[in-house]
Amino acid sequence: MIELPMSNLQHRVLTSRERVKFAAADPYAHLSSGACVDMIMGHRVEALEDIIGFSILRHARTGVAFPARSIQVAYLRPSFVGEALEVGSWIETLGTSSFEVRAVIAGAGDRKARAAARIHFVAVDAATGRPVPVPATLPSNAPSDPTVALPMSAIWLADVQGLPDGWVEPVPDIT
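This report concerns the structure included in the present document. (Residues numbered from 1 in each chain as written. Predicted model: local features only at pLDDT ≥ 70, side-chain atom pairs only at ≥ 80, totals over all residues. Heavy atoms only, no water.)

The phi dihedral of His11 falls on the positive side, at around 70°, and the residue is not glycine. Secondary-structure assignment places His11 in the loop between strand S1 (2-5) and strand S2 (14-19). On the basis of relative accessibility, which here comes to 21%, the residue His11 falls in the partly exposed class. The phi torsion at Arg111 lies on the positive side, around 60°, for a residue other than glycine. Tracing the chain through its elements places Arg111 in the loop between strand S6 (98-107) and strand S7 (113-122). Overall, the relative accessible area of 12% leaves Arg111 in the buried class. (Helix = DSSP H or I, 4+ residues; strand = E, 2+ residues; numbered from the N terminus. Buried < 20%, exposed > 50% of the residue type's maximum accessible area, 1.4 Å probe, protein only.)

As structure tokens, this is what we get:
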């Protein structure tokens, strides 16, 4: 087990592949707005464990929980039953008692944005619900820092089409 600096997750994109399920559709066979939020939140929990080796559920038992204080979703175009999607998320800003995660749902094949979300998470004592500082590190069962292999948000977003203004960052020059 390693202690992964929380700052290492900033701007590093966690991705997962999803498929629009029939049960998640509205009467028009589109991914419903509530199911879209469920997809984003489920992605975040599963990707943190699968890619980073950090379990939100195990961590909450040790004393710190990260509930969402607010979520803003821009629904950009419909996703249909059976459609393959890619969900990407990253920490955009990291504060002392909270942090903002951005998430994008895009078509797995066409890279057209379906939804873009901003989620404000707070750090709280799991027993009392009182605010606590965001931990400097997260326990990970990875043998080494897995964030170094993750794409930066500017690079991952570079070919996603149809994002709202302010979402596309310039790709950094790494030469």
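So, on to the packing of aromatic side chains. Under the counting rule described, the total for this entry stands at three aromatic pairs. Note on Phe66 and Phe99: the rings are 5.7 Å apart at their centroids and 70° apart in plane angle, and the pair reads as edge-to-face. Placement of the pair is Phe66 in the loop between strand S3 (64-65) and strand S4 (68-75) and Phe99 in strand S6, with a sequence separation of 33 residues. Here Phe99 falls in the buried class, since its relative accessible area comes to 7%. Between the aromatic rings of Phe99 and Phe121, the centroid separation amounts to 5.5 Å while the plane-to-plane angle is 20°, which identifies the pairing as stacked. (Phe/Tyr/Trp six-rings, centres within 6.5 Å; stacked < 30°, edge-to-face > 60°.)

Ranked by size, the top nonpolar core spans 32 residues in total, and within it Leu31, Ile52, Phe99 and Ile105 carry the most contacts. Looking at this core, the elements with two or more residues in it are helix H1 (33-52), strand S5 (84-94), S6 and S7. In terms of residues, this core owes the most to one element, H1, which gives seven residues. Counting eleven residues, the second largest nonpolar core, distinct from the first, contains Val13, Trp156, Val160 and Leu163. (Core = buried A, V, L, I, M, F, W, Y, C linked by side-chain atoms within 4.5 Å.)

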